[in-house]
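Observations on chain architecture
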Amino acid sequence: MRSILLTPSRAAAAAALIAVCCAWSTAAVAQKSSSGRGAAVNPVRGSTPYATREDAMQFADEVAERRGLDRDWVRATIGSARFLPNVPRLMLPGPVGTVKNWQTYRSRFIDPVRIAAGVRFWRANADLLARAEQVYGVPPEIIVGIIGVETIYGRNMGNFRVIDALATLSFDFPDGHPRAAERRAFFRGELESFLSTESRTADDPLTPLGSYAGAMGMPQFMPSSMAKYAVDFDGDGRIDLVNNPADVIGSVANYFKSFGWRPGVPAIYPVHFDEARLQKDVLMAPDILPTFSADSFVAAGAVPEGDGIHHKGLFALIELQNGADAPPTYVAGTRNFYVITRYNWSSYYAMSVLDLGQEVKAAMEQ
């Protein structure tokens, strides 16, 4: 096992492990400006520390051995994490039979405030967005749409300590979730990735803030995405997804390129149905995975409009429910639509990204 010199932050974490076993500090944790966490934010405070949890300490030992990290530092860091009692219930799916509503979902993300913020962001970073398109092939409206939907361009990046969120979902993920074991394993992997990254810095691993799921920065990257896809787009020698729009823009573009974004290909086309040939069950069976050629799509009764009829790639029929009293909205999704859903596995999310990006682009041209 590799031995890592205890920096002041690691020594503080080790001392904190002793402290939390005896008493819990109620002081707010300030974000460190040295790591791009400059604004003082009062984090959501957890309750019970994980220092007394045998399963958490066993996991810490396993991570230390797997990653070659200092065992005391890993145990101290995980032991200083606190259970967030309200987070597990946020992971539970909605009641069975709940009808989704695309128009309601859309209204949460496409509004004058967010569009205006998007225009300001685009204008302030036009050169960076243009360079990202040249390097990665991802157009500005897609990048602007993602950052706007995720955090309103950095306005809402979360106020949960990342270590608390990831520990809570690693060791107390709700058993009532239909995929509890799979999701618990996912968050343990994210916690391990977070610890691995933090171990290579001089920063305090207890200070990063993010969402209740542990996502961080303007683009809300999970720790494993930080490790795989974040880039130093301005070449200043460090990656900052909290305060540096250059790194944010480059990292989002790199994420999409890594998942197979195809330059110049629309993400969706309008579609109408040929009722005489319609085989909706066949069309819906692959869900959002592009499966049908243009010819087989039409043969099953879904007719893409405009240039879509000449699309050389594969299609998926995307259904967006509009509540119980209105018919669904349908579009023909291409590979690029599927790539957007790799950021968040929801067709409603992907459509919101596309619509916000287009609204901002239209406002830019006025």
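Scroll up to find the structure this text is about.
What counts, and at which threshold
- Along every chain, residues carry numbers that run from 1 in the direction the sequence is written.
- Owing to the predicted nature of the model, reporting of local features is limited to residues with pLDDT of at least 70; listing and counting of side-chain atom pairs is limited to 80 or more, with chain, interface and lining totals taken over all residues.
- Excluded from the side-chain calculations are hydrogens and water; all other atoms, namely the structure's heavy atoms, are used.
- Under the pairing criterion, centres of Phe, Tyr and Trp rings, with the six-membered ring standing for Trp, must be within 6.5 Å; the plane angle then separates stacked pairs below 30 degrees from edge-to-face pairs above 60, leaving the rest tilted.
- Helix and strand assignments follow DSSP, with helices taken as H or I runs no shorter than four residues and strands as E runs no shorter than two, numbered in order from the N terminus.
- The cut-offs for exposure are 20% and 50% of the maximum accessible area for each residue type, with area from a 1.4 Å probe on protein chains only; residues under the lower value are buried, those over the upper are exposed, and the others partly exposed.
- Criterion for a charge above a ring: Arg CZ or Lys NZ at most 6 Å from the ring centre, at most 35 degrees from the ring normal.
- Interaxial angles span 0 to 180 degrees and are taken between N-to-C directions of axes, which are lines fitted to C-alpha atoms, for helices over the stretch in contact.
- Any angle between 65 and 115 degrees counts as roughly perpendicular, while under 35 counts as roughly parallel, over 145 as roughly antiparallel, and the rest as oblique.
- With the far helix as reference, a near helix turned anticlockwise by less than a right angle produces a left-handed crossing, and one turned clockwise produces a right-handed crossing.
- Any pair of residues with heavy atoms lying within 4.5 Å of one another is described as a contacting pair.

Under the counting rule described, the total for this entry stands at 24 aromatic pairs. For the ring pair Tyr 269 and Phe 315, a centre distance of 6.1 Å and an interplane angle of 85° mean the geometry is edge-to-face. On the criterion of sequence distance, the pair formed by Tyr 269 in strand E3 (residues 268-273) and Phe 315 in the loop between strand E4 (302-304) and strand E5 (316-320) is long-range, its members being 46 residues apart. Given the relative accessible area of 0%, Phe 315 is considered buried. An aromatic cluster of at least three residues, connected via ring pairs, comprises Phe 221, Tyr 229, Tyr 255, Phe 256, Phe 259, Trp 261 and Tyr 343. Here Arg 108 stacks its cationic end above the ring of Tyr 105, 5.1 Å away from the centre of that ring. Sitting above the plane of the Phe 186 ring, Arg 183 keeps its charged end 4.6 Å from the centroid.

At a minimum axis distance of 10 Å, the contact between helix H6 (residues 112-124) and helix H8 (residues 140-151) shows a crossing angle of 130°. It follows that H6 is oblique to H8 by the angle criterion. Between H6 and H8 lies a crossing of right-handed hand. Residue-level inspection shows Arg 114, Gly 118, Phe 121 and Trp 122 of H6 in contact with H8, the latter providing Pro 140, Glu 141, Val 144, Ile 147, Gly 148 and Val 149.

On to the environment of Met 218, then. Mapped onto the elements, Met 218 comes out in the loop between strand E2 (209-210) and helix H11 (223-229). Judged by its relative accessible area of 7%, Met 218 is buried. Sequence separation between Met 218 and Pro 245 is 27 residues, and the spatial gap between their C-alpha atoms is 8.3 Å.

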